[in-house]
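# Report on the structure
One-letter residues, chain by chain:
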Amino acid sequence: MNLSPIPLAVRSTCPYCGVGCGVQATPMPDGSIAIAGDRQHAANQGRLCVKGSALGETLDLKGRLLHPQVRGEAGLERVSWDAALDKVAAGWRDIIAEHGPDAVALYVSGQMLTEDYYVANKLMKGYIGSANIDTNSRLCMSSAVAGHKRAFGEDLVPGCYEDLDLADMVVLVGSNTAWCHPILFQRIVRAKEARPDMKVVVIDPRRTATCELADLHLPVKPGTDVWLFNGLLCYLERHGALAAAFLAAHTNGLESALAAAGVDCADPLAVAKICRVAPKDLLEFYAAFAATTKVVTAFSQGVNQSSAGTDKVNSIINCHLATGRIGRPGMGPFSLTGQPNAMGGREVGGLANMLAAHMELDNPAHCDAVQTFWDSPHIASKPGLKAVELFQAIEAGRVKAVWIIATNPMVSMPDAHQVQRALAKCQMVVVSDISEHTDTNAYADVLLPALGWGEKDGTVSNSERRISRQRGFLPAPGEARADWRILCQVARRMGFSGFDFGAVHEVFDEHARLSAWRNEGASARVFNLDALCGMDGRQYDQLEPVQWPLARPASGQLEGRARLFGDGRYAHADGRARFIATAPRAPAHAPDAEYPLILNTGRVRDQWHSMTRTGKSAKLADHVPESFVDLHPQDALLYGVREGELARVSTQWGAMVARVQHGGGIARGDIFVPIHWNGQSASDARVGTLVNPVVDPLSGEPEFKHTPARVEQFRVAWHGFILSRAELALAGVAHWTRIQGRDFARYELAGRNAIADYNAWARRLLAVDDKQADWLEYEDRSAGMYRAAHLVDGRIEQCLFLSPRPDLPSRAWLAGLFAHPELSEADRIGLLLGQPIEKGVDAGATVCSCFGVGRNTICGAIRERDLKSVAEVTACLKAGGNCGSCVPEIKKLLLETRVELAA
């Protein structure tokens, strides 16, 4: 009888997007971690996207930063924690003494837990006395923050996820929700399946996977969102769709907003021309919005990441205020947050233009309240440097020391070469991270090992204001420590009191108490966690997900408020919402003869930020293995590049190399490049080096969606790839990308050199010195073809394929050979032929990452079993049956294959 204990699942929260899905992590007897969705969590009700499902593959310690390091004459060297902390504290103390508090800065992250954020903000603003703390959340949601504050008086998201279920119309603006927020997208899919009359409108320059669900897609010209929504405001007024009683009782400023909109946007035909959309489609959208009471307008980075991002946000909010469609079920503007704790960072004031607990730097009463509560020696009273200007100040020498926590600005920032110059010149660069080798860490003077997901403990807040626990279930690796603890230890070494927290729940308690401090009467703030004050460690550990603001009734059960503004009262002093006059303005940089194309950047389905976590997962690697530039076929013809080949993408700020792709969803004159690849995963694929550094004047958010660019051929002599169990050094190869496989690494290569001796070159590249090694090879010098494989005891160790053309053999089939303990004779022959001997072995490019189902498998099943719907494909192969983010691709394959069969 087996009496082994049943593994206990630990409830936590996913560390990826702002949906904030509940996760159950179960440590298994073999040391692995089983990951499942938490059915009790309201955000996802047990569902996970492929990234969340693959979390168990990202928890190994390969590449982890495990010990403190300090730069010496020989480079970074391991030191004790005391030595590292003393160096940081002394360095900061000396710089502040000589140059003042504004000479140091923290650059933090929406990956941090709320408690980490709280301590960082307290140290910087209350004890050092500077507001020079900013975050990578500046790059994704600060325009939404600024828009909320202008309209509502406080950074408040009015609605909740349930509104997506209840809406009769969902408008998705600047959001590829199917790929970037898959669990919310599937929620919309299910709502539409239940109520087919529900209307979905997608407003996006690209035709993305999200558009497969849309009743209407408006492919607007990049940067024209304000024209579009100003035009909608004018249409609503002209067609009598304004909520007169609501407007009179609860708002101010409609007249000025209408006047600003009327200058350029009163005529729908003129708006359609400016926005580059068909007039009939524009009018269909306007009429549907006017006629539908329950409308949710969900927006994301396509709105926020703009030099006019705040105005874009307010132009959307204006339309909801004008119709009174806010604060009630199934309606309202909804910011879809990009990071897991961007909301929590906003709650504690982790932006350079905020104080703490939704209090303001320019409000003397707020400054006094926070300083009194903290009993701090100082309080920042003016905004600090926002992200882009912070790194500009570092390069200029005004900021002498920067401490970077849980982010990789060398990859994620615009004008990334400027960030590189800044870090190279900076007197003291401190980095807290979980990864030892990143593009940013190369410039660190001090490296501090932090806890990662699964090890750290705290809270996060998602897009619907829901606070959830992240719980640790793994031991701290090496000498890694929690970020809040590291910050406290440095603060104490600098001579500051107020940082003697003994446990993480004590940090949360202070954060909750500050939210309730002097928070009453007519000036009361909506953000208030009074009901969570006073929790001990056990209560904190048992905290269930809950939305703020919240009260604790007599029953003792916490009651969060799902929606705000249902009573018509807003956070401005007069209790009214404010319309904002949003005069349209074009992006700062227009295309010209030298840079005629518009570069748009964003995410792909299975990767996250700079891939330091998702890049570890073989499951996530196959769907989009390389960086690419997506452009219209006619533009490709015009600029002399071909699909599948490499191209150089250039702007006046930098250049990179990517694979040419025709995704079929992009207009002429536009190009798209993903954000994820970095110096550790590719030789020259950091798109941040291309992006212009212009920012929104209010939010400070950069213009990631509109940079003039050009595309030209990247000429190479040969293309190739390697699959290898051992890591390889590829410094001499002109272009390479590393992709994680199962038990191997895959390298996509291209070279400009002529190879005189294929055998010698291949052995040198693969580091195979043994002349007696089991070495298979095929060479056709006249055709420029070469194939080689290195075997050890019959098991494949490495293989290499070269060709003058990019159409090389299937990687999926070859990857399968690495699972075999020994290759068969047929496999050996297949290696030399460059194709499998057996039929059906090659599954093709991955479509469904959740279940590892390839394109060839799906198309074969459609043909052989006469499948006609996604449901039938799912029933047959499981593909599309988990997170559903591959469903649009399955639909496309169904259409293509059915057309082929009918021909």
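Residues numbered from 1 in each chain as written. Predicted model: local features only at pLDDT ≥ 70, side-chain atom pairs only at ≥ 80, totals over all residues. Heavy atoms only, no water.

## With respect to the overall build of the protein chain
In plain terms, the rule: Helical segments are the DSSP runs of H or I of at least four residues, strand segments are the runs of E of at least two, and each set is numbered from the N terminus. The globule rule used here is 2.2 Å times the number of residues to the 0.38 power, and the radius of gyration it is set against is calculated over C-alpha atoms. Relative accessibility decides the category of a residue: with a 1.4 Å probe and only protein chains considered, values under 20% of the type maximum give buried, values over 50% give exposed, and everything between is partly exposed. Whether two residues are in contact is decided by their heavy atoms, any of which lying within 4.5 Å being enough. Accessible surface area values rest on a Shrake-Rupley calculation with a 1.4 Å probe, where residue burial reflects the displayed protein chains alone. Counted as positive: Lys and Arg. Counted as negative: Asp and Glu, with His and the chain ends omitted from the count. Charge placement uses NZ in Lys and CZ in Arg. For Asp and Glu, CG and CD serve respectively.
The secondary structure content of the protein chain amounts to 30 helices and 36 strands. For the protein chain, the C-alpha radius of gyration of 28 Å lies close to 29 Å, the compact-globule estimate for 903 residues. Reported as C-alpha extents along the three principal axes, the dimensions of the protein chain are approximately 85 × 70 × 70 Å. Taken across its 903 residues, the protein chain has 61% of its residues classed as buried. Of the contacts formed within the protein chain by residues at least 6 apart in sequence, a portion of 71% connects residues at least 24 apart. Taken as a whole, the protein chain presents about 32700 Å² of accessible surface, with 51% of it coming from carbon and sulfur. Each charge class in the protein chain was averaged separately, 94 positive and 101 negative side chains, and the resulting centres sit 2 Å apart.

## A closer look at the sheet that holds strand 19 (residues 546-547)
This is how the line gets drawn: Only when DSSP finds a minimum of two bridges between them are two strands counted as paired.
Pairing is antiparallel in the open sheet, where three strands are placed in the order 17-18-19. Strands with a single pairing partner mark the edges of an open sheet, and in this sheet they are strand 17 (458-461) and strand 19.

## Some remarks on the pattern of salt bridges
Selection rule: By definition, a salt bridge exists where a carboxyl oxygen of Asp or Glu is found within 4 Å of a side-chain nitrogen of Lys or Arg.
For the structure shown, the criterion picks out 52 salt bridges. Note that Arg 276 is salt-bridged to Asp 670, the shortest N-O span being 3.0 Å. Taken together, the residues span a long stretch of sequence, with Arg 276 in the loop between helix 11 (268-275) and helix 12 (279-291) and Asp 670 in strand 27 (residues 670-674) at a distance of 394 residues. Here Arg 276 falls in the partly exposed class, since its relative accessible area comes to 35%. Of the charged contacts, one joins Arg 710 and Glu 712 as a salt bridge, the two residues approaching to 3.5 Å between their closest N and O atoms. Glu 712 sits in the partly exposed class, given a relative accessible area of 31%. Taken together, the shared-partner salt bridges connect Asp 457, Arg 469, Arg 471 and Asp 541 into one network.

## Description of the pairing of strand 31 (residues 745-751)
The element strand 31 is largely enclosed, with a buried count of seven among its seven residues. In strand 31, alternate side chains face the same way, and those of Ala 745, Tyr 747, Leu 749 and Gly 751 on one face and Arg 746, Glu 748 and Ala 750 on the other are all buried. Bridging between strand 29 (residues 718-724) and strand 31 involves seven bridges; their strand directions are antiparallel. Counterpart to Ile 722 in the pairing with strand 31 is Tyr 747. Two strands pair when backbone bridges link them, and strand 30 (residues 735-740) and strand 31 are joined in this way by six bridges, in the antiparallel orientation. Counterpart to Trp 736 in the pairing with strand 31 is Leu 749. Taking the residues between adjacent antiparallel strands as the criterion, strand 30 and strand 31 are bridged by four residues, where Asp 743 takes a positive phi near 70°.

## Brief notes about helix 3 (residues 114-128)
The test is simple: Expected span of a helix, by definition, is 1.5 Å for each gap between consecutive residues, and there is one gap fewer than residues.
The end-to-end C-alpha distance of helix 3 is 20 Å, a good match for the 21 Å that 15 residues give at a rise of 1.5 Å each. Among the 15 residues that make up helix 3, 15 are buried, leaving the element largely enclosed by the rest of the structure. Just beyond helix 3, the residue with positive phi is Gly 129, at close to 90°.

## Considering the packing of aromatic side chains
The following threshold applies: Any Phe, Tyr or Trp ring, taking Trp's six-membered ring, that has another such ring centre within 6.5 Å forms a pair; planes under 30 degrees apart are called stacked, those over 60 apart edge-to-face, and the others tilted. Whether a charge sits over a ring depends on NZ of Lys or CZ of Arg being within 6 Å of the ring centre and within 35 degrees of the ring normal.
The tally for this structure, following the rule as stated, stands at 23 aromatic pairs. Seen from their ring centres, Phe 152 and Tyr 570 are 6.0 Å apart, and the 20° between their planes marks the pair as stacked. Pair noted here: Phe 152 is in helix 4 (residues 142-152) and Tyr 570 is in the loop between strand 21 (559-560) and strand 22 (577-578), with a separation of 418 residues, a long-range link. Since its relative accessible area comes to 0%, Phe 152 is described here as buried. Here the aromatic cluster, defined as three or more aromatic residues joined through ring pairs, consists of Phe 229, Tyr 235, Phe 285, Tyr 286 and Phe 289. Positioned over the ring face of Phe 499 is Lys 122, at 5.1 Å from the centre of the ring. Looking at Arg 206, its charged tip hangs above the ring of Phe 672, at a distance of 3.6 Å from the centre.

## Looking at a nonpolar patch on the surface
Our working definition: Exposure above 30% relative accessible area and the absence of a salt bridge qualify a residue for a patch, where like charges join within 9 Å and nonpolar side chains (Val, Leu, Ile, Met, Phe, Trp, Tyr) within 5 Å.
A grouping of Ile 829, Leu 833 and Ile 837 is seen on the molecular surface, where their side chains present a nonpolar patch of about 260 Å² in accessible area. Checked against the element boundaries, Leu 833 lands in helix 27 (residues 825-833).

## With respect to the sheet that holds strand 33 (residues 785-792)
Put simply, the rule reads: Convention adopted: a line fitted to C-alpha atoms gives each axis, helices being fitted over their contacting stretch, and angles between N-to-C directions are expressed from 0 to 180 degrees.
A sheet is described by the order of its strands in space; here six strands give the open sequence 30-31-29-34-33-32, paired in antiparallel fashion. Edge positions in the open sheet fall to strand 30 and strand 32 (774-780), since each of these has one partner strand only. Adjacent strand axes in the sheet meet at a mean angle of 10° when their direction is disregarded. Two elements, strand 32 and strand 33, share seven bridges in a ladder whose sense is antiparallel. The residue of strand 33 that forms the bridge with Trp 775 is His 790. Here helix 25 (residues 758-766) sits on the sheet in contact with strand 29, strand 31, strand 32, strand 33 and strand 34 (795-803), set at roughly 130° to strand 34.

## Overview of the side chain of Arg 466
Cut-off, in case you're wondering: N or O atoms closer than or at 3.5 Å make up a polar contact, with two conditions inside protein: a donor-capable atom paired with an acceptor-capable one, and, for residues adjacent in sequence, both atoms drawn from side chains.
Position of Arg 466 among the secondary structure elements: in strand 18 (residues 466-470). A polar side-chain atom of Arg 466 sits 3.1 Å from a polar atom in the side chain of Gln 547. Setting aside its immediate chain neighbours within four residues, Arg 466 contacts His 41, Ala 42, Val 460, Ser 461, Pro 545, Val 546 and Gln 547.

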